[in-house]
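One-letter residues, chain by chain:
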Amino acid sequence: MAKNTYKSSSDSQSRIQASPKASKKEFGISPEGRLGLGLFSIIISLFLLIAFSSYFFTGQADQSHLDVVNSDLKQNGKEIKNALGIAGALVSELFIFRWFGLAAFLLIPILFFSGVKLSFNKNLVDINKHTWEMLFFMIWFSSFLGYFVLLFDAEKSLSYLCGGIGFAVNVYLQSLIGWPSIVIILLVLALFMIFFYKITSFQMLADKFRTEEEEDDLEKANYKRNPENWEEEFKPEFGNKLTKQIPKPSLIIDEGEDEIATFLQVTSTKKIISDSKLSLEIEQSSDSEDIIEERLVSPVEPDELVKAHGLYDSTLDLPKYQFPTIDLLKDYQTDKAQVTNEELEANSKKIVETLGNYGIGIASIKATIGPTVTLYEIIPDAGVRISKIKSLEDDIALSLAALGIRIIAPIPGKGTIGIEVPNKNREMVSIKSLLMSEKFQKSTMDLPIVLGKTISNDIFITDLAKMPHLLMAGATGQGKSVGLNVIIASLIYKKHPSQLKFVLVDPKKVELTLFNKLERHFLAMLPGEPEPIITNTKKVVNTLNSLCIEMDNRYNLLKEAGCRNLKEYNLKFVNRKLNPEKGHKYMPYIVLIIDELADLMMTAGKEVEQPIARLAQLARAVGLHLIVATQRPSVNVITGIIKANFPARLSFKVTSKIDSRTILDTGGAEQLVGQGDMLLSTGSDIMRLQCAFVDTPEVDEVCDFIGAQQGYDSAYLLPEFEGDESGEEKSDFDPNNRDAYFDEAARLVVNHQQGSTSLIQRRLKLGYNRAGRLIDQLEAAGIVGPFEGSKAREVLIHDIQSLEDFLKGLG
């Protein structure tokens, strides 16, 4: 993240002085100074290593030459045998013979790793911690060796092993308490270990000296994301039960930030089973006490099922499933947004001059460079009204000759006003760089989605489970479909197929077809449907109502289990506290994605709006989450009842300020610059982001990788839903009680091939209610089809002769 700060005095607004970059100095050292100091530290460490090593072979021979005066030393320099000459001999004499002895070698890694940190900004080790550690052991090890040198070496010929400090310390201690002084030296070591490493028991002390092989085993046990490590003995058998018998477990549930890690300690070899919520670690332990700390579920004791079979693991249904690798994604080698100091200074000067022309003084101005835009934060002089600055948005845009100026007045949480100016050279944010980040890899969210980068170049990751639904809008070609692909890819890279299912609705029929290959892994659908991606409006209505049934069924299960949300329920099921014979099961999260809501609202209207609103209101607790996108955010598409239940809204560039207010309740989306530039509103806070980019071939590669693996027998089946069929009304149709205008209305709709209530109303000059009853009777008789929203009903009889024969049959 690059920052530039500019200040302007109220006396002379046109004069702007650039101050040093705040982010480029640490502890008062410039980047050039850091690099120079780092390289110097690395060279010194190598110098000491060579000099100290050479000292043990040439130190005694060089000692006599080092004892002479400086003038003689220069003359006799050729006699020095140290590999680094006089300098090496002097430094070795000082650090080894006079100070620390062998322990002087501990100084070398301190200098080397500090140099690497300063030069390359890489933390190979914890510098702060290990510096204090090494300094202590330099003195302690010198004192420890000094005890034995003083005790056994009467001639003191080995005094260089302990150095002058170690020798002096032991002379003092032995004169004070005699030969038992070694007890004092060991006691100092023990106290250091206790307080420095915060050791509270001998078991923790033993863990500090765990062998490398044991560390590898423990690392494998904690590595939850690699199903290849599962042993044959943990394969599912008869309803996913563990075949290995686990004796006398004690259950420990440890609460993390956003997920719960469960560890099972038993006296057996280390093994692991895992899913994204729970990791099962089996390690040697003699502790049989049950320690349970969990806020979501009341404490539970391990019952006989857990003792016999271990915790339930849903991922064992697909034990060989492999998560997609990061190398399936492209690494776009693009330059970062290059904003020069000259450009920043010029823009700042123009902003100050433009505001000055309207009598607005600026106390200070600061610039923050982002991937797409640069944020200029200004502090106006006292007495300046914010509304006055906000009204000059177009004037500032004109002076900068920039596209999409956006003013934030004021910036939430700061006493400044923000002016966002698009960069001339923008940065592409690839999804690969975000998914590789440590922030995403170590994320413990239930449904993590990585959206892109903030204006300060920070990676933005949010939890869909806490949103809990997302409403997206954006004009055609502004990045909406790419944003949906990024969200789906984020979840696929983090979740196992047993933990997550997608319901994909694509009225345009081409946007989400790539994910067809995930049918037997991640997709959910109605029974008997030929395609998992839903494109037909009638099937969309049935699917939405089916999800409502699924929601009600899940609430019934949660009620019987005494749980408030899906996370609690699944935790109980994993601990085998719920009986599958009573209908309980492990339930995955379900994410409904609708790519174009406007088309559905135009063709189905209330039939779509009502189930969407019901799901948005109630489905959060049972793990059903909605992502609804549209390119036309008008009030007849994003209705009040839908909008009220989507607190999280995301907008790409829209065509008008009215659309921006519809989706975000404020303007600004019409000023975005496109190509993934977006605003995310989560309540009262609005954040500007640059959406990550994932290309279609990349998505195809990921789907091919997953689709080629063994999956479930079919997609996740939703409950069956049967809509109102016209057949039921046909059986209730009584020809003897039909309206007097029935025959005439039938001839009218067949002649016009248009089953419309308004047509009957106009041509037969009837009221709306009677025309409505007539169209219902025509539908019941099978002359016109069912209601299809704003479209006219389909006429099922295509010519008058067929109609006359039909009417004769009715008598």
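Above this text is the structure in question.
As a starting point, this report considers the structure included with it. Keep in mind the model is a prediction, meaning the values are calculated, not measured.

**Concerning the pattern of salt bridges**
Consideration 1: If you walk through the whole model with that rule in mind, you get 21 salt bridges.
Consideration 2: As a salt-bridge pair, lysine 567 and aspartate 446 come within 3.7 Å of each other at their nearest N and O atoms. Highlighted residues: lysine 567 in helix H18 (residues 566–574) and aspartate 446 in the loop between helix H15 (438–441) and strand E14 (448–454), separated in sequence by 121 residues.
Consideration 3: Given the relative accessible area of 19%, lysine 567 is considered buried.
Consideration 4: Residue aspartate 700 is joined to lysine 517 by a salt bridge in which the shortest nitrogen-to-oxygen separation is 2.4 Å. With aspartate 700 in helix H23 (residues 696–707) and lysine 517 in the loop between strand E17 (500–505) and strand E18 (524–525), the pair connects residues that are 183 residues apart, well separated along the chain.
Consideration 5: Each of Arg406, Glu420, Asp677 and Arg688 takes part in salt bridges that share partners, so that together they form one network.

**With respect to the sheet that holds strand E20 (residues 624–630)**
Consideration 1: Read across the sheet, nine strands follow the order E15-E14-E23-E22-E21-E16-E20-E19-E17 without closing on themselves; strand pairing throughout is mixed. Here the strands that pair on one side only, and so sit at the sheet edges, are strand E15 (459–463) and E17. Looking at each pair of strands side by side, their axes are set apart by 30° on average, direction ignored.
Consideration 2: Pairing of strand E16 (residues 470–473) with E20, which is carried by four bridges, proceeds in the parallel orientation. Note on E20: the bridge partner recorded for leucine 470 is isoleucine 627.
Consideration 3: This element, helix H17 (residues 537–561), spans E17, strand E19 (589–594) and E20 of the sheet and lies at about 155° to E19.

**A look at the nonpolar core**
Consideration 1: In terms of nonpolar packing, the biggest core is built from 113 residues, with Phe502 and Leu615 touching the most fellow members.
Consideration 2: Broken down by element, the residue count for this core peaks at nine residues, all from H17.
Consideration 3: Discounting residues that sit within four places of it in the chain, phenylalanine 502 has contacts with Ile488, Leu491, Ile492, Phe522, Leu523, Ala524, Val591 and Ile593.

**Quick word on the packing of aromatic side chains**
Consideration 1: For the coordinates displayed, the defined rule picks out 19 aromatic pairs.
Consideration 2: Ring geometry for phenylalanine 95 versus tryptophan 99: centroids 5.1 Å apart, planes at 80°, classification edge-to-face. With phenylalanine 95 and tryptophan 99 both in helix H3 (residues 85–100) and four residues apart, this pair spans about one turn of that helix.
Consideration 3: Owing to a relative accessible area of 18%, phenylalanine 95 belongs among the buried residues under this scheme.
Consideration 4: Ring centres of phenylalanine 137 and phenylalanine 192 lie 5.8 Å apart, and the angle between their planes is 80°; this geometry places the pair in the edge-to-face category. Of the two residues, phenylalanine 137 sits in helix H5 (residues 127–152) while phenylalanine 192 sits in helix H7 (residues 181–196), which places them 55 residues apart along the sequence.
Consideration 5: Assessed through its relative accessible area of 14%, phenylalanine 192 is described here as buried.
Consideration 6: Aromatic rings pair up to connect Phe52, Tyr55, Phe56, Phe95, Trp99, Phe100 and Phe105 into one cluster.
Consideration 7: For lysine 494, the ring lying beneath its charged end belongs to phenylalanine 440, and the centroid distance is 5.3 Å.

Each value, and the rule that gives it
Residues numbered from 1 in each chain as written. Predicted model: local features only at pLDDT ≥ 70, side-chain atom pairs only at ≥ 80, totals over all residues. Heavy atoms only, no water. Salt bridge = Lys/Arg side-chain N within 4 Å of Asp/Glu carboxyl O. Helix = DSSP H or I, 4+ residues; strand = E, 2+ residues; numbered from the N terminus. Buried < 20%, exposed > 50% of the residue type's maximum accessible area, 1.4 Å probe, protein only. Pairing = 2+ DSSP bridges. Axes fitted to C-alpha atoms, helices over the stretch in contact; angles between N-to-C directions. Contact = heavy atoms within 4.5 Å. Core = buried A, V, L, I, M, F, W, Y, C linked by side-chain atoms within 4.5 Å. Phe/Tyr/Trp six-rings, centres within 6.5 Å; stacked < 30°, edge-to-face > 60°. Lys NZ or Arg CZ within 6 Å of the ring centre and 35° of its normal.

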